[in-house]
Amino acid sequence: MSQFDLPAFEEEAHEKWAHSFESNPSRLEKFYINVAFPYPSGAMHVGHGRTYIVPDVIARFWRMKGKQVLFPMAFHVTGAPVVGISKRIANRDEKTIRLYRDLYRVPQNVLDSFTDPLTIVRHFAAEYQRVMTACGLSIDWRRRFITVDPTYSKFIEWQWKHLYEAGHVIKGAHPVRYCTVDDNPVGDHDLLEGDKAEVIKFTMIMFRYGDAFVPCATLRPETIYGVTNLWANPTVTYVKAVVDGKAWIVSKEAAEKLALQDHKVEIKEEIKGSDLVDKKVSHPLCGEITILPAEFVDPDMASGMVMSVPAHAPFDYIALRDLQQAGKYKEIKPIPLIKVEGYGEVPAQFAVEKAGIANQMDSRMDALTQEIYSAEFSKGKLFEKYGGKPVRVARDEIALLMTEKYDSVVMYEFDIRPVVCRCGNKVKVKILHDQWFLKYSDLEWKQEVKDCLKDMALVPPEVRVEFDRTVDWLKDWACTRRVGLGTKFPWDTTQLIEPLSDSTVYMAYYTIAHKIRDIDSKLLTPEVFDYIFLGKKSPDLPEKKKLDAMREEFLYWYPYDFRFSAKDLISNHLTFQLFHHVTVFENQKDKLPKGMVVFGMGLLNGAKMSSSKGNVFLLEDAVDEFGADTVRMFLMGSAEPWQDFDWRNELVLSTKKQIERFYNTVMEIKDATGEPHDIDRWLASRLQAHIAKTTEALDNFQTRQALQEAYFGIENDLKWYRRRLPKDCDGSRELHELCSVWVRLLSPFIPFTGEHLWKELAGEGLVSFASWPKMDAQLVNEKAELAEELLARTVEDIESIRKLISLTPKSITIALAPEWKYEIFRTIADSGDRNTVIKEIMKDEKMRQRGKDATDAAKQCTTLIHRLPPYVVDPLVHNPINEQEVFEAAQAFLEQEFGVPVHIADAERSGHVKALTALPFKPAIIIE
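Remember, it's a predicted structure, so these values are computed and weren't measured experimentally.

**Digging into the sheet that holds strand β4 (residues 184-185)**
- If you trace the four strands from one edge of the open sheet to the other, you get β4-β3-β19-β21, paired in antiparallel fashion. Of all the strands in the sheet, the pair left with one neighbour each is β4 and β21 (477-478).

**A short note on the packing of aromatic side chains**
- All told, the structure shown has 64 aromatic pairs when counted by the stated rule.
- Each ring, one from Tyr152 and one from Phe155, has its centre 5.7 Å from the other, and the planes form 45°; the classification is tilted. Here Tyr152 and its partner Phe155 are both found in helix α7 (residues 150-165), three residues apart, which amounts to about one turn of the helix.
- For Phe155, a relative accessible area of 0% translates into the label buried.
- Aromatic side chains Phe634 and Trp647 sit 5.1 Å apart centroid to centroid with 80° between the ring planes, which places their arrangement in the edge-to-face category. Separated by 13 residues along the polypeptide, Phe634 in helix α22 (residues 628-637) and Trp647 in strand β29 (residues 645-647) bring together distant segments of the chain. Accessibility classification places Phe634 together with Trp647 in one group, the buried group.
- Above the plane of the ring of Trp17 lies Arg60, whose end atom (NZ or CZ) is 4.6 Å from the centre.
- Here the basic side chain of Arg724 rests over the ring of Phe893, its NZ or CZ set 4.8 Å away from the ring centre.

**Let's talk about the sheet that holds strand β24 (residues 492-497)**
- With respect to topology, three strands assemble into an open sheet ordered β22-β24-β23, the strand pairing being antiparallel. For this open sheet the edge positions go to β22 (480-481) and β23 (488-489), each flanked by a neighbour on one side alone.
- For β23 and β24, the ladder comprises two bridges, and the chain directions are antiparallel. From the neighbouring strand, Lys488 faces β24, where its bridge partner is Leu496.

**Observations concerning the pattern of salt bridges**
- Across all of its chains, the model carries 57 salt bridges by this definition.
- Among the salt bridges present, the one from Glu553 reaches Arg143, with a minimum N-O distance of 3.3 Å. Here Glu553 is found in helix α19 (residues 544-557), whereas its partner Arg143 is found in the loop between α6 (117-134) and α7, with 410 residues between them in sequence. Across the pair, Arg143 and Glu553 agree in class, each one buried.
- Between Arg686 and Asp717 there is a salt bridge; the shortest N-O distance is 3.1 Å. With a gap of 31 residues between them, Arg686 in helix α24 (residues 678-699) and Asp717 in helix α25 (residues 703-724) connect regions that are remote in the sequence.
- Salt bridges here are not isolated pairs; linked through shared partners, they connect Glu22, Asp140, Arg142, Arg143, Lys515 and Glu553.

**Quick word on unusual backbone geometry**
- Between Arg417 and the following residue, Pro418, the backbone shows a cis peptide bond with an omega angle of 0°.
- Positionally, Pro418 belongs in the loop between β17 (409-414) and β18 (420-421).
- Across the junction of Tyr558 and Pro559, the peptide omega takes the value 10°, indicating a cis bond.
- Along the chain, Pro559 falls in the loop between α19 and β25 (562-566).
- At Arg105, a position not held by glycine, the phi torsion is positive, near 55°.
- In this fold, Arg105 is placed in the loop between α4 (94-103) and α5 (108-111).
- A relative accessible area of 45% means that Arg105 is categorised as partly exposed.
- Its identity is not glycine, yet Asp434 carries a phi of approximately 55°, on the positive side.
- Assignment of secondary structure puts Asp434 in strand β19 (residues 428-438).
- The class of Asp434 is exposed, set by a relative accessible area of 53%.

**Things to note about helix α12 (residues 365-379)**
- For α12, with 15 residues, the first-to-last C-alpha span of 21 Å sits near the 21 Å given by 1.5 Å per residue.
- Listing the buried residues of α12 in full gives Met365, Leu368, Thr369, Ile372, Ala375 and Glu376. Projected down its long axis, α12 shows its buried positions confined to an angular sector of 135°, all on one face. Exposed residues lying more than 90 degrees from the buried face of α12 are Asp366 and Ala367.

**Overview of the packing of α6 against helix α21 (residues 619-626)**
- Axis separation between α6 and α21 bottoms out at 10 Å; the angle between their running directions is 30°. On the basis of the axis angle, α6 is roughly parallel to α21. α21 is crossed by α6, and the crossing has left-handed handedness. Contact residues: α6 offers Glu127, Arg130, Val131 and Ala134, while α21 offers Leu619, Glu620 and Val623.
- Here the contact of α6 with α21 is built from residues that sort into four nonpolar, no polar and three charged.

**A word on the pairing of strand β3 (residues 169-179)**
- Pairing of β3 with β19, which is carried by nine bridges, proceeds in the antiparallel orientation. When the sheet's bridge partners are listed, Ile170 is paired in β19 with Phe437.
- Across two bridges, the pairing between β3 and β4 is antiparallel. Considered in β4, the bridge of Tyr178 is made with Pro185.
- Hairpin connection from β3 to β4: four residues lie between these consecutive antiparallel strands, with Asp183 at a positive phi of about 55°.

**Some points on the environment of Gly49**
- By secondary structure assignment, the location of Gly49 is in helix α2 (residues 46-64).
- Once the C-alpha coordinates of Gly49 and Ala622 are considered, the two residues, 573 residues apart in sequence, prove to be 9.7 Å apart.
- Residue contacts for Gly49: discarding those within four places in its chain leaves Leu619 and Leu635.

**Concerning the nonpolar core**
- If you look at the biggest cluster of nonpolar residues, it comprises 165 residues, and the most contacted ones within it are Phe564, Trp647 and Ile814.
- The element best represented in this core is α2, accounting for 10 residues.
- The residues contacting Trp647, other than those within four sequence positions of it, are Val46, Leu603, Leu604, Asn605, Met609, Phe617, Ala622, Phe626, Val631, Phe634, Leu635 and Val652.
- Membership of the second largest hydrophobic core comes to 67 residues, among which are Tyr506, Met550, Tyr556 and Met596.

**Here we look at the packing of helix α18 (residues 526-534) against α19**
- Contact geometry for α18 and α19: axes closest at 8 Å, N-to-C directions at 40°. In this view, α18 runs oblique relative to α19, as classed from their interaxial angle. Note on element contacts: α19 touches α18 through Lys544, Leu547, Asp548, Met550, Arg551 and Phe554, opposite Val528, Tyr531, Ile532, Phe533 and Leu534.

Thresholds, definitions, all that
Residues numbered from 1 in each chain as written. Predicted model: local features only at pLDDT ≥ 70, side-chain atom pairs only at ≥ 80, totals over all residues. Heavy atoms only, no water. Pairing = 2+ DSSP bridges. Helix = DSSP H or I, 4+ residues; strand = E, 2+ residues; numbered from the N terminus. Phe/Tyr/Trp six-rings, centres within 6.5 Å; stacked < 30°, edge-to-face > 60°. Buried < 20%, exposed > 50% of the residue type's maximum accessible area, 1.4 Å probe, protein only. Lys NZ or Arg CZ within 6 Å of the ring centre and 35° of its normal. Salt bridge = Lys/Arg side-chain N within 4 Å of Asp/Glu carboxyl O. Expected span 1.5 Å × (residues − 1). Arc of directions from axis to C-beta. Axes fitted to C-alpha atoms, helices over the stretch in contact; angles between N-to-C directions. Parallel < 35°, antiparallel > 145°, perpendicular 65-115°, else oblique. Left-handed = near helix turned anticlockwise from the far one by under 90°. Contact = heavy atoms within 4.5 Å. Nonpolar A, V, L, I, M, F, W, Y, C, P; charged D, E, K, R; others polar. Core = buried A, V, L, I, M, F, W, Y, C linked by side-chain atoms within 4.5 Å.

Given below as structure tokens:
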């Protein structure tokens, strides 16, 4: 018998697979899947592994089901990230060099060349392809491209022509995330930290301080009536600056931000924060108040000064309480101004004290604050003396009042921090003028996307809510940059199309990527792409024969059937691509995306994976240490694709042992020659269910559930099968068919082992293209399965009892329930209301004569029915087995198992008191 040797299996398979997965149009029905292409700026980790192995398992499954499957791959290199990396390496940034030298293990001579961003891209694109191949991904690599290829740039220009002509590309002023070092707007992919940060509009409340204003930013301008004090950080140095001709006192950081937001700012002098403490400020709507010290005030948040509303802000309430407990500022009292049911007269005080919060460092404070803010906004009303309006109405009205009458202005800030560019610089909010935007705010465009979503299959279904929310929420998107790699913006060639905006319809490009490179990019006019993708004919098209071939490819493959991507991309890329598809393929509903599968996140030993923080396990290392099949099976078996998974090396090692056990089992039983027994009919019947359930799970992208059925389900059945075989019997010749089915069911998960075993089974061709097993209804034997279920449960009960008693048994009696208990069982199981059926049973004269025995049996049967699975209860009612025959046929097996005589008895005739507990499908066990 050949030995289990994963590296050898991998080498064998790679030789066979060299060009096997190159897919062309055929007479077969197509199945086109794709996955978010990677940004090759570093080595792959096991989180990437899950992202790309899931679609590979699905691709392999559908290929075996007879579909013509396309699974392509490319590399996304546009944008500023890789430029930032090259700059940091050129500047000898030690942290970056350590990451690439030590974690990614880039040779020094190669690392020295990383001052060129394209060198980084080419190096890691090659590494990605090598590692993906090592993982067994069945990709058509002919279609590989990178997003700075000249032909791809022409495709992007064509796409944007349609967006522009549809009125979706506009020019204007807008607040955006901005890196002042790169002098460039930044998108999600440009950020090291804060990729979820949104730009929020704050109202600056202007408090008078002598000849100057002290501005405080707030999202709740209606709380001005309850301001009792301001907070200033005594350790911070503030500045007095002339802002638009008026003196303001703000933090240095705020002065820099204001200068980016259409304000003329001139710093005049510095002021110590400690010098501001105990000074008085005033506002017409709250009167004169005092500036109090608070080191929690962040100079990098908004203006660096905070207004305090202790009646409605838990942090303010506790900060004031701390000072007062130290004997200071006892004259300041919270001023309630909003009534909200369930939160007492002073909501912040009520919530803090109810929760038993001792100080500001309590981890529950953020959630408590959000709870109060949400409750006040949704259900709160201002007191009558402050207008009496609901908070949701008063908020906007008072914000408008502030700007019109009380010198307030708007300031933009992030909702979360820090926000850090890949170059290492802190990102700020800047108002850009003459900036190009995609007009995602367009309500008609949004409706087109919503209509598209209605017809799409989304996995899991719960993400539909998130897609809908994103479509509603999306605002205009800054779609150009001045720094980075990418396609030049057609209407301003000094700018580039930003990375999320050039990666939205590339799924269509995959269909022609391997053929379009044969045409000079200079010949690729918009008319060429109009013909390939939209069928619009025009005179003088170049290379018409080649264009026809590409048109044929596109028409065969498009639309894609499913796209796989991470759930954090719903808020941008996954939704953007729908906006772009409905425009580019306007009036071509049959070319719109058909489905998406959304992934969960990857954890390493319980913590989120992060290359920048070094918390990763490289995919190549995992493959080298455990084998590609082990990595694949662990990643598929640890969670469903949309759930978060946790990589733990000790658990991965156990997965390798499971594969070895599978391999050895197949090798041991594949050549069995024995005659079939009754147990073989049971095994064949069980196998049909595993085929059906595995198929159904993979149809629904439930890779974990499929693996549970295909591996553990069959393995457990084989354990019982071998246990039930007569002495000196290794199994029947029918096991060869089971091995064939088993290997095929598992080959999408562990294809290297699958290919080797397929050869050992003398299977025809590659298992990767073998036919997927189909359930044979004629082999389903419900009674055989029910009989073995009864037997297995009884064996388990006997084993449990033997563990509880200390005596060595001399004999075992299995007492079977009498027929009248079966009548009760069937009546209860068939009843619509199992709680009242006992009354119906007791209307029967024969049952009434049994008195308490009948009522007790009814209660016991009801409990048993609730505990038994439906697949047992239903046949017991409609197609019952003869328990006497089952146990008599298995008597020799039972005596062999337990080493003592086993007697089968009628419960009522046995004379033993324990026998009276016998129920249908649960005989009484008497051990003597």
